[in-house]
Amino acid sequence: MATTTMTMAKALNEGLRRSMEKNSRVLLMGEDIGRLGGVFRITDGLQKDFGEDRVIDAPLAESAIVGTAVGLAIRGFRTVCEIQFDGFVYPAFDQIVSQVAKLHKRSDGVYTMGLVIRLPFQGGIGAIEHHSESPEAYFAHTAGLRVVSCSTANDAYWMIQQSVEHDDPIVFCEPKSRYWEKGDVDLDVAPAGLFDAVVRREGTDVTVVGWGSSVKTMLRAADTAAAEGVSLEVIDARSIAPLDVGTLASSLTKTGRLIVVQESPNTASIGSEIVAELTQRCFYSLRAPGLRVGGYHVPYPPSRIEDDFRPNVDRIMDAVDRVMEFA
Amino acid sequence: MIDDELVQLLTPEGERVANTEYESTLSGDEIFSFYRDMVIIRRLCNESTSLQRQGQLALWAPVQGQEAAQIGAGRALAPMDFSFPSYREHGVAWCRGVPPEDMLRIFRAVTTGGWDPQRYRHSVPTVVLGNQTLHAVGYAMGVQRDGAEEAVLTFFGDGASSQGDVLESFVWAASFNAPVVFFCQNNQWGISTPSSVQSRIPLYHRGPGFGFAGVRVDGNDVLAVYEVTKRALDNARVGGGPTLIEAFTYRIGAHTTSDDPTRYRIDAEVEVWKHRDPIERVKSLLVREFRAKVTAFDEVAAEAETLALKLRDDVLAMGRPDPQSMFDDVYAAPHPLIDEGRLELAELLGGGR
C-alpha cells in the first residue's frame, strides 16, 4: 500500500492532477489558477503540465466562471471551478442556484451538470472581510446541489477526485485554515464514499459532529473531555448535503447526546438541520436536547477577534457539560 | 426609420435596398419558405394567446412583430450549431424543429423545460434574464477545445442587456475569442421599461467596446437578419470570434399575457410599427418580384390553421403530470432525500390513513 505524507493543499493538487490524467475532458477554471497556481497554490504547476486550454485563467467574474462551466458541461466537459474565497461566491449564486442546480431537471435528465465548485471556506487565517465565511448552508438548502467538505489530506486527495467523477454538481468546501497541515495519503484506496460520514474517534457519552476545520477542534475537545472522564464520539460529516444520517443516527442511538460544531452562524444552519433531523429519528434515544456550537448571528467579525466567534475547545466543553447535566 | 447604420435589404413596402456590405442570396423558393415560417409562427402565437385567455395556459409570451428577427436568425443556423434561447424564441425553436406543443409545455405549467435540447441543438428556455448567454459562451469554449467548426447563437433582449451575466459573457467571449454570436432582439420594451433606460447608446455599439463587431440590423427584415446572422456565424465557425447583432424590432403585443401595455405606451407608436410588419413586406416582394400566386399564400394560411388546431388539441390533451414526476431528474445519482420524498408522497397519494 503506497502511503505518503503531504499537506492538504498538495493533496488537492495531486487529486486534481490525477483527475485530469484520468479524463481528458476535465478542465480547471478560476482566477489566478494558471501561472500563479492559485492564491493558495492548489493548482500549482497544473497549467504548465496540462496547458492553458485545460487550466484556464479566468477573467475576474465569478458568475461567468460558473456560467461558462455550465455551457462546458452541456458540451460534455467537466470543469472544476475555483472560487478564490468563500465571500466571493455570491456573484455566482444566481448561476449556481438557478442553473447549475436545475438544468438536469429542466432538461429531463439530458444535461449532466457534472461540475465542481471549489470553495476555500471557514476562517482562522487572520484575513480581512469576505475571506473567512462559511456559506455551506446556502447551497445545502438548494435541491440539485451536493455539498461536501474535506478535513484531512487523505480525504482531500480522494474526495476531490470522487467529486470530479460524480455526475451531479458539487460544492466542494475546503477548510483553508487546514491547507498547510500534513497528513498521510493512501494513494491506492479511497477511505470512504463521497457522501459517507466517518467516525474519527469512538466514544460513548456524546456524539459530536462537524466538518472541515471543526474536526480537529472536536478531536482536541475529545482529549480534554477524556481527561474529565467524558467520552466523546467525534464524527466528521464530510458530506453536508446529503447528510449521512444513518451514521449519525447510529452514533446518537448509542450516546443519546448530540452536539454539532460549525463555524457558520447557528441561525438556519447545517447544525440546525442535523439537530432537527436526528431529533426526529432518535427521539426515544435522546438523553438531552441537541446543541449547536457555532458562530453568533453577526457578520464574520474582524479577524483580530475571530477566535471569540469560531468554535473552540472551551465552547465545545461548555456544551458537553450542558448535555451531560441532563441525565 | 432610415438609419445609416441599420442593415436593411427590404423596405417596409417590400422593395429591395442596395447595401454595400450585405446582399441577399436567397432564391424565390427560399424566401417563400421564410414567409411560410413567419406566418405559421404568428398563427401559432395567436392560438397560444387564445389558449391562455381561455385558461388553458398559465402564461404566454407573444412573439408578434418579432417573427423576422427569429426566423431570420433561426434559419441562419447550420445543423450542427447550437442555440441558447431566452423564453420568447418560439420562432427560433420552430426553425430548430422543436414541435410547437413542446414549446407550450412550460406555459401549460406541466414542465420547466419542454424538449430534448441535444436532439434539436436548441437549449431549454431560460427565464432568469441573461443566464443563457454565459452558457452559450461556455459551450462555444467547448467547441474550440473540440476543434469543431460549429458556432453558437444566443438570444436575449434589450432589457436583459443590462444584466451582469450578459456583460460578463461579452468579456469572456472576447477574451477567449469564442465562436459565439450574441443576438439581441431590441423590441424597445422590457415590460414597461423603454430601451432608452437600458442604454444611452445604441446597443450594438457595445460590441466594439468589448472588443468585437457590433451590427444593427432591421429586425423586421427577414432577408437582412438572415444575411447578417449567417455571416456572423460563418465568421465565428472559422475562428473570427464573436459578433453582437442588435435586431431592431418591436414587440407588437404585450410582454406576456399578464401584461397590459396600454398603461405605459401609446397606440400611435404601436401603429407606426404595425406598418413595418415583417410578414407583409416579404409578401409584397414575393408578389412583385417572384409572381407568387394568391393560391400559394392561401395554402400557407391553411397549413398554419391546421397546425394551430393541432396545437390546440395537443395542449388540451396535456393532463396533470404525475405528482411523483417532481422527483425525477433532480439528481443524476441516487439521493436519500429524493427517495424519502417519493415514499412520503406515495403514502399521501395512496390515502394511507
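Focus on the overall build of chain B
Consideration 1: Within chain B one finds 14 helices and eight strands.
Consideration 2: Taken over the C-alpha trace, chain B has a radius of gyration of 21 Å; the compact-globule value for 353 residues is 20 Å, and the two agree within 12%.
Consideration 3: Counting only C-alpha atoms and orienting by the principal axes, one finds that chain B spans roughly 75 × 50 × 40 Å.
Consideration 4: For chain B, the proportion of its 353 residues judged to be buried stands at 49%.
Consideration 5: Taking contacts inside chain B between residues at least 6 apart in sequence as the whole, the part at least 24 apart equals 75%.

Focus on the packing of helix α8 (residues 214–227) of chain A against helix α11 (residues 313–326) of chain A
Residues and elements named next belong to chain A.
Consideration 1: Closest axis-to-axis distance for the α8/α11 pair is 9 Å, and the angle between their directions is 55°. When the interaxial angle is binned, α8 and α11 end up oblique. The hand of the α8/α11 crossing is right-handed. When α8 is examined against α11, the residues T217, M218, R220, A221, T224 and A225 are found in contact with a partner set consisting of V313, I316, M317 and V320.

Considering helix α10 (residues 270–281) of chain A
Helical periodicity: at 3.6 residues per turn, an α-helix aligns residues three or four positions apart in one direction.
All names here are of chain A.
Consideration 1: For α10, which comprises twelve residues, the first-to-last C-alpha distance of 16 Å matches the rise-based estimate of 16 Å (1.5 Å per residue) to within 8%.
Consideration 2: Of all the positions in α10, only I270, G271, I274, V275 and L278 are classed as buried. Down the axis of α10, the smallest arc covering the buried residues is 135°, so these residues share one side. Along α10, the residues that are exposed and aim more than 90 degrees away from the buried face are A276 and Q280.
Consideration 3: Looking at the packing, one finds that the buried side of α10 touches α6 (136–140), β10 (206–210), β12 (239–241), α9 (245–255), β13 (258–265) and β14 (291–295).

A look at the sheet that holds strand β9 (residues 198–201) of chain A
Residues and elements named next belong to chain A.
Consideration 1: Within the open sheet, the five strands sit side by side as β9-β11-β10-β13-β14. Their pairing is mixed. Each edge of the open sheet carries a strand with a single partner, namely β9 and β14. Going from strand to strand, the sheet's axes swing by 25° on average, the running direction of each strand aside.
Consideration 2: Pairing analysis gives four bridges linking β13 to β14, with the strands arranged parallel. Residue P265 lies in a different strand from β14, and its bridge partner there is G295.

Comments concerning the domain arrangement of chain A
Residue and element names in this part refer to chain A.
Consideration 1: Taken domain by domain, chain A consists of domain 1 (3–186) and domain 2 (198–326).
Consideration 2: Measuring from the centre of the C-alpha atoms in domain 1 to the corresponding centre in domain 2 gives 26 Å.
Consideration 3: Domain 1 puts 23 residues into the contact, and the matching count from domain 2 is 21 residues.
Consideration 4: The greatest single-element share of the side of domain 1 that touches domain 2, amounting to four residues, is contributed by strand β6 (residues 146–149).
Consideration 5: The residue makeup of the side of domain 1 that touches domain 2, split by class, is nine nonpolar, nine polar and five charged.

A short note on the nonpolar core
Consideration 1: Core analysis: the biggest nonpolar cluster contains 191 residues, and V208 and I259 of chain A together with I245 of chain B have the highest contact counts within it.
Consideration 2: In terms of residue count, helix α1 (residues 28–53) of chain B provides more of this core than any other element does, eleven residues in total.
Consideration 3: For V208 of chain A, the residues in contact, after removing those within four places along its chain, are M218, A221, L232, E233, V234, I235, I259, V261 and I316 of chain A.

Description of the pairing of strand β7 (residues 170–175) of chain A
Residues and elements named next belong to chain A.
Consideration 1: Most of β7 sits out of view: six of its six residues are buried.
Consideration 2: With six bridges joining them, strand β5 (residues 116–121) and β7 adopt parallel strand pairing. Along β7, the bridge assignment pairs L119 with C173.
Consideration 3: Where β6 lies against β7, four bridges are found, and the strand directions are parallel. Within β7, the residue paired with V148 across the bridge is F172.
Consideration 4: Taken together, β6, helix α7 (residues 153–165) and β7 constitute a β-α-β crossover, and its handedness is right-handed.

Things to note about the sheet that holds strand β1 (residues 6–7) of chain B
Residue and element names in this part refer to chain B.
Consideration 1: Strands sit in the order β1-β7-β8-β4-β3-β2 across an open sheet of six strands; the sheet is parallel. Two strands in the sheet have a free side with no partner beyond their single neighbour: β1 and β2 (82–84).
Consideration 2: The pairing of strand β7 (residues 213–218) with strand β8 (residues 243–248) spans six bridges and is classified as parallel. Each bridged residue has a counterpart across the sheet, and for R216 the counterpart in β8 is E246.
Consideration 3: Each of β2, β3 (152–157) and β4 (180–186) is contacted by helix α6 (residues 131–146), which is oriented at about 170° to β3, the strand it contacts most.

About the criteria used
- Per-chain numbering applies: the sequence of each chain, read as written, is numbered from 1 onward.
- Both sets of labels track the order of writing: A upward for chains, 1 upward for ligands.
- In keeping with the model being predicted, local features are shown solely for residues with a pLDDT of at least 70 and side-chain atom pairs are shown and tallied solely at 80 or more, while totals for entire chains, interfaces and linings include all residues.
- Helix numbers and strand numbers start at the N terminus; a helix is a DSSP run of H or I with at least 4 residues, a strand a run of E with at least 2.
- The reference for a compact globule is 2.2 Å times residues^0.38; the radius of gyration itself is calculated from the C-alpha atoms.
- Here exposure depends only on C-beta density: within 10 Å of a residue's C-beta, 20 or more other C-beta atoms make it buried, 12 or fewer make it exposed, and intermediate numbers make it partly exposed, the C-beta atoms being placed from the backbone.
- Residues are defined as contacting one another if the C-beta atoms placed from their backbone atoms lie within 7 Å.
- Note on geometry: axes are C-alpha line fits, over the in-contact stretch for helices, and angles between N-to-C directions span 0 to 180 degrees.
- The cut-offs work like this: below 35 degrees is roughly parallel, past 145 is roughly antiparallel, 65 to 115 is roughly perpendicular, and the gaps in between are oblique.
- Here a crossing is taken to be left-handed if its near helix is turned anticlockwise relative to the far helix by less than a right angle, and right-handed if that turn runs clockwise.
- One fewer than the residue count of a helix, multiplied by 1.5 Å, yields its expected span.
- An arc is given here, and it is the one of the directions from the helix axis to the C-beta atoms.
- Strand pairing is assigned whenever DSSP identifies at least 2 bridges connecting the two strands.
- Domain start and stop positions are those given by an automatic or database domain assignment.
- Note that Gly is not counted as nonpolar here; it falls among the polar residues with everything else outside the nonpolar set of Ala, Val, Leu, Ile, Met, Phe, Trp, Tyr, Cys and Pro and the charged set of Asp, Glu, Lys and Arg.
- The term nonpolar core refers to a group of buried residues, namely Ala, Val, Leu, Ile, Met, Phe, Trp, Tyr and Cys, whose C-beta atoms join them within 7 Å.
- When the strands point away from the viewer and the connection leading from the first strand across the helix to the second strand turns clockwise, the crossover is called right-handed.

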